[in-house]
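Below are the chains, spelled out letter by letter.
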Amino acid sequence: MLNQNDKKNIIVVILVVILILGIFLVTNGLQKVKELEKEKYLLPEEPTITEPEKEENPGQSEDSSNSYFLPVQNKQEEKHSEKSETTIVEKNNPKVTIASTYYCVSLHDSFTFPELISLEDSNDHLSVTITYMFQALDSIDFIPVMEFSTEKLGTYKITYYVENEEHNITVLEFYVEILDNVSPIIEGIVERETADGFIEYIPVENGSFLHETVTFSFRDDDEIRYLEYYNASIDNTIEGSQLEEFAMPTIIPIEVGSILELTEEGEYHIRAYDRSGNVTEFVVTLDFTNPEIEVNYQQVGENLTLVTMTSNEILLDVSGWETTDHQTFQKIYQNTIKEEIIGEDLAGNQEMISLEFVPITVEVIQNEQITQSRNLNQNDGEIKLNIFGTKQLQITYTIEEEGIVNSYFNQTVLNQDGCYHFYITDGDYETVLELFISSMGTSD
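Quick look at the structure, then. Here the structure is a predicted model, which is why all the values come from computation and not from measurement.

Each value, and the rule that gives it
Per-chain numbering applies: the sequence of each chain, read as written, is numbered from 1 onward. Only residues with pLDDT of 70 or above have their local features reported here, since the model is predicted, and side-chain atom pairs are shown and tallied only from 80 upward, although totals for entire chains, interfaces and linings are computed over all residues. Water and hydrogen atoms play no part in the side-chain values, which are based on all heavy atoms of the structure. Note: two strands are recorded as paired if DSSP finds a minimum of 2 bridges between them. In DSSP terms, a helix is any run of H or I states spanning at least four residues, a strand is any run of E spanning at least two, and both are numbered starting from the N terminus. Helix axes use the C-alpha atoms of the stretch in contact, all axes being lines fitted to C-alpha atoms, and the angles between their N-to-C directions lie in the range 0 to 180 degrees. What we call a nonpolar core is a set of buried Ala, Val, Leu, Ile, Met, Phe, Trp, Tyr and Cys residues that are connected through their side-chain atoms within 4.5 Å. Throughout this description, buried means an accessible area under 20% of the type-specific maximum (1.4 Å probe, protein chains only), exposed means over 50%, and partly exposed covers the range between. In this analysis, two residues are considered to be in contact whenever any of their non-hydrogen atoms come within 4.5 Å of each other. Here, a salt bridge means any Lys or Arg side-chain nitrogen found within 4 Å of an Asp or Glu carboxyl oxygen. Between 30 and 60 degrees the pair is tilted, below 30 it is stacked and above 60 it is edge-to-face, where a pair is any two Phe, Tyr or Trp rings, Trp via its six-membered ring, whose centres lie within 6.5 Å.

Right, let's get into the sheet that holds strand β6 (residues 154–163). Strand order in the open sheet formed by 5 strands is β2-β7-β6-β4-β5, and the pairing between neighbours is mixed. At either margin of the open sheet sits one strand with a lone partner, and together these are β2 (102–106) and β5 (143–145). Ignoring strand direction, the axes of neighbouring strands in this sheet form an average angle of 30°.

Membership of the largest hydrophobic core comes to 19 residues, with the highest contact counts inside it found for V214, F216, F218, L260, L262, I270 and V284. For this core, the elements supplying multiple residues, two or more each, are β8 (185–193), β11 (214–219), β12 (224–231), β16 (260–262), β17 (266–274) and β18 (279–286). Filtering out sequence-adjacent residues up to four positions away, I270 remains in contact with I186, F216, F218, E228, Y229, I254, L260, L262, T280, E281, F282 and V284. Core analysis: the second largest hydrophobic core is formed by 18 residues, V364, L414, Y420 and L435 among them.

A word on the environment of E261. Counting through the fold element by element, E261 comes out in strand β16. Taking the C-alpha atoms as reference, E261 lies 9.2 Å from S217; in sequence the two are 44 residues apart. Setting aside residues no more than four positions away along its own chain, E261 makes contact with T213, V214 and T215.

Strands in a sheet are paired, the pairing made by backbone hydrogen bonds, and the direction either parallel or antiparallel. Ordered by their spatial adjacency, 5 strands build an open sheet running β10-β18-β17-β12-β15, and the pairing between neighbours is mixed. Every interior strand has two partners, whereas the edge strands, β10 (208–210) and β15 (252–254), have only one. Across the sheet, the mean angle separating the axes of adjacent strands is 25° when strand polarity is ignored. With 7 bridges joining them, β12 and β17 adopt antiparallel strand pairing. In the strand pairing of β17, Y226 is matched with Y273.

To continue, consider the pairing of strand β19 (residues 293–301). Here β19 runs beside strand β20 (residues 304–311); their pairing, made up of 8 bridges, is antiparallel. The partner of Q299 across the bridge, within β20, is T305.

Below, the discussion takes up the pattern of salt bridges. On inspection of all chains with the given rule, the structure shows 11 salt bridges. The residue E223 makes a salt bridge to R275 at a minimum N-O spacing of 3.9 Å. Here R275 lies in the loop between β17 and β18 and E223 lies in the loop between β11 and β12, a separation of 52 residues in the sequence. On the basis of relative accessibility, which here comes to 34%, the residue E223 falls in the partly exposed class. With a closest N to O distance of 3.0 Å, K338 and E356 form a salt bridge. A residue pair is termed long-range when its members are at least 10 positions apart, and K338 in strand β23 (residues 337–344) and E356 in strand β24 (residues 350–357) qualify at 18 residues. Connected through shared salt-bridge partners, D138, D222, E223, R225 and R275 make up one network.

Turning to the packing of aromatic side chains, a few remarks are in order. If you walk through the whole model with that rule in mind, you get 21 aromatic pairs. Plain terms: the ring middles of F148 and Y156 are 4.6 Å apart, the flat faces sit at 55° to each other, and that makes the pair tilted. For F148, a relative accessible area of 18% puts it in the buried group. Classification of Y156 by relative accessible area gives buried; the value is 1%. Judged by centre distance (5.3 Å) and plane angle (70°), the ring pair of Y160 and F174 falls under edge-to-face. With Y160 in strand β6 and F174 in strand β7 (residues 169–179), the pair connects residues that are 14 residues apart, well separated along the chain. Assessed through its relative accessible area of 4%, Y160 is described here as buried. Take F174: its relative accessible area is 0%, and that puts it in the buried class. Ring pairing ties together the aromatic residues Y103, F111, F113, Y132, F134, F148, Y156, Y160 and F174, which thus form one cluster.

In short, geometric facts, not functional conclusions.
Below you can see the structure in the form of structure tokens.
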């Protein structure tokens with residue numbers, strides 16, 4: 001029968017045995033792990049150093065030192081051997097090109113991409129992938145975009161990736177610049193009320209003359225960048241050191257997107273600029289003043305009068321009148337003139353002109369009756385002249401027998417016998433009248 005101390009000793013022995021077995025197993029396991037690691041990462045064996053056989057080289061002294069050489073394999077020859085045994089497959093990219101690498105297209109116009117041009121006779125099936133980069137007009141950077149469009153200004157960088165059946169790729173690039181070649185449009189409109197009370201809108205042409213208010217609007221196929229106008233009839237002058245004066249019109253900017261209304265007289269020059277540098281100039285003249293017209297009469301023949309009208313500005317054609325500069329008009333009238341005509345300037349302002357003129361008219365009166373006879377006898381009644389004319393007339397006469405120049409006044413009785421020569425002038429024209437008067441009776 002084991003006592004209490006014996007039981008304790010047996011337990012201690014058992015624990016010591018278990019501890020020794022555990023240490024043995026752990027040590028054995030670590031050794032196996034190291035062996036496995038060595039197998040996994042085998043270190044290259046150090047080359048064996050061999051002493052080469054000495055050869056006698058004539059003319060070369062024997063080296064006294066001991067030399068050792070590592071056996072080295074000719075890698076170049078080995079690679080050459082392997083290369084000669086292996087077939088090399090050459091990489092062939094598709095041989096293609098395009099007609100040009102730069103194209104210019106107008107805004108909103110259509111554009112067809114260039115076709116690929118094959119540089120070799122090949123039936124190889126090619127696939128093409130296209131990418132797009134876009135540089136806006138006001139930018140310096142290209143950014144990727146999904147598609148090509150001619151609806152906005154800028155430059156596209158388009159890339160073709162051409163792939164053959166062996167998946168070899170040739171890359172081709174070209175550029176397409178979208179340009180704005182169209183100048184801005186300036187539209188002028190005049191509102192007029194019709195006879196029935198409706199308002200009509202009449203377009204104004206460039207270079208027009210108007211006598212009414214006009215409004216202008218502006219548009220462009222891309223974008224208006226700047227607007228301005230000036231009145232050429234009103235100039236600022238700068239006096240320099242020289243005697244000349246230089247006219248400097250005052251430029252007035254117009255807010256983009258606004259409407260310009262002109263209401264005062266003047267010759268207006270209106271300009272519109274787009275962001276591509278295209279410019280349009282529109283000229284319109286507003287004139288609300290009637291023309292000033294002077295009339296001059298000049299008798300150029302018996303009962304023939306040349307009428308000259310002179311205007312301070314250009315007029316439209318006047319029916320029946322001749323002109324070379326549309327400021328001076330002329331017409332020849334016969335007999336007495338009494339007429340009204342209208343002179344109209346380019347803006348439509350009108351001036352009514354009343355023409356009244358009586359050419360030099362001479363009436364020979366005997367016994368209070370007008371006679372066409374120029375051989376008169378005082379026994380048939382008193383003889384006198386009645387002379388008419390619009391201008392202030394100068395009338396003189398001579399009697400052939402006397403040769404004295406006398407003045408004559410209308411309705412003065414001629415009571416002296418003789419051959420009369422009357423000279424009637426209006427300053428520019430002179431009429432001569434011959435009249436023979438006698439007092440002899442039938443019995444003489």
